[in-house]
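# Architecture and fold: a report
These are the residues of each chain, in order.
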Amino acid sequence: MHKDIEKILFSEQDIKEKVEELGRQISGDYKNKNPILISILKGGVVFLADIIRALDIPIEIEFMGVASYGNSTKSSGVVQITKDCNIDISDRHVLIIEDIVDTGLSLNYITRYLQGKNPKSLKMCVLLDKVGAHEPDIGMAYKAFDVPNEFIVGYGLDYDEKYRNLPYIGILKKEIYQ
Ligand code: PRP
């Protein structure tokens, strides 16, 4: 285990099994629908890379980037697109691939934005859900794990751009960011 990690929440094996389970579900639900999976940069990239290899149906992939600004960044509600979706999603089935829902602001914004492009369907596949940190009515069609209200890193998630490459998901030691 990395020295900066307090505790491993989900091991490589835990993640692998869950990704395979989600892959089976998504493959069944999107059979003959040729969905577009849109990964939200940067954290969602590792999850996307694994989830697409767990699918046995034709798919396309795309990327979007968003950033939040303001005093207390996450609660400002101001979200800016840093990389737009560059393909036509109108009349297509779209599945957003996101690493974590914290306050839910990013996903709310992205959902509203993409809905405006008239997809045939729009759903979310989320790796981690910080239950309690957001309104309960965020409709996640697919979710891998619930996580506590701690600083979570690994498997795509960073602190100061570090730890994204850890193969597991863990809690960062408080002394690293306090
Ligand atoms: C993280 C994460 C989500 C968002 C979740 O992204 O990847 O997109 O925050 O937080 P919210 O539910 O409170 O909006 P971040 O801005 O850290 O960028 P990154 O993915 O590039 O690390």
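Refer to the structure above for everything that follows.
Residues numbered from 1 in each chain as written. Predicted model: local features only at pLDDT ≥ 70, side-chain atom pairs only at ≥ 80, totals over all residues. Heavy atoms only, no water.

## Topic: the site of the ligand
The criterion, for reference: Here a residue counts as near a molecule or strand whenever at least one of its heavy atoms sits within 4 Å of it. Whenever two N or O atoms come within 3.5 Å, that pair is a polar contact, provided that in protein one can donate a hydrogen and the other can accept it, and provided that, for residues adjacent in sequence, both atoms are side-chain atoms. Accessible surface area values rest on a Shrake-Rupley calculation with a 1.4 Å probe, where residue burial reflects the displayed protein chains alone. Numbering of helices and strands starts at the N terminus; helices are DSSP runs of H or I of at least 4 residues and strands are runs of E of at least 2. Amino acids outside the nonpolar list (Ala, Val, Leu, Ile, Met, Phe, Trp, Tyr, Cys, Pro) and the charged list (Asp, Glu, Lys, Arg) are all regarded as polar, and Gly is one of them.
In the vicinity of the ligand lie 15 residues, with Glu98, Asp99, Thr103, Gly104 and Ser106 positioned nearest. Here glycine 104 contributes a backbone N or O atom positioned 2.7 Å from an oxygen atom of the ligand. About the coverage of the ligand: the protein hides 84% of its 500 Å² of free accessible area. Taken together, the elements giving at least two residues each to the shell around the ligand come down to β5 (93-101) and α3 (105-115). It is β5 that provides the largest number of residues to the shell around the ligand, a total of four residues. Residues belonging to the shell around the ligand are distributed by class as follows: four nonpolar, four polar and seven charged.

## Topic: the pairing of β5
Short version of the rule: Relative accessibility decides the category of a residue: with a 1.4 Å probe and only protein chains considered, values under 20% of the type maximum give buried, values over 50% give exposed, and everything between is partly exposed. Strand pairing is assigned whenever DSSP identifies at least 2 bridges connecting the two strands. A clockwise path from the first strand over the helix to the second, with the strands pointing away from the viewer, defines a right-handed crossover.
Of all nine residues in β5, eight are buried; the element is thus mostly enclosed. Both strand β2 (residues 36-41) and β5 contribute to a ladder of four bridges, which runs parallel. Its bridge partner being in β5, isoleucine 36 is matched across the sheet by valine 94. Here eight bridges tie β5 to strand β6 (residues 121-130), and the two strands are oriented parallel to one another. Its bridge partner lying in β6, isoleucine 96 is registered against methionine 124. Crossover handedness for the path β5 to α3 to β6: right-handed.

## As for the sheet that holds strand β1 (residues 5-10)
The strand order β1-β9-β8 describes an open sheet built from three strands, whose pairing is antiparallel. Sheet topology places β1 and β8 (152-153) at the edges, where each strand pairs with a single neighbour. Bridging between β8 and strand β9 (residues 169-172) involves two bridges; their strand directions are antiparallel. Residue valine 153 lies in a different strand from β9, and its bridge partner there is glycine 170.

## A word on helix α1 (residues 12-29)
The following threshold applies: A helix is expected to span 1.5 Å for every residue after the first. Arc definition: it is the arc formed by the directions from the helix axis to the C-beta atoms.
The end-to-end C-alpha distance of α1, which contains 18 residues, comes to 26 Å, matching closely the 26 Å that a straight helix rising 1.5 Å per residue would cover. Taken together, the buried positions of α1 are occupied by Ile15, Val19, Leu22, Gly23, Ile26 and Ser27. Down the axis of α1, the buried set is contained in an arc of 135 degrees. They therefore lie on one face.

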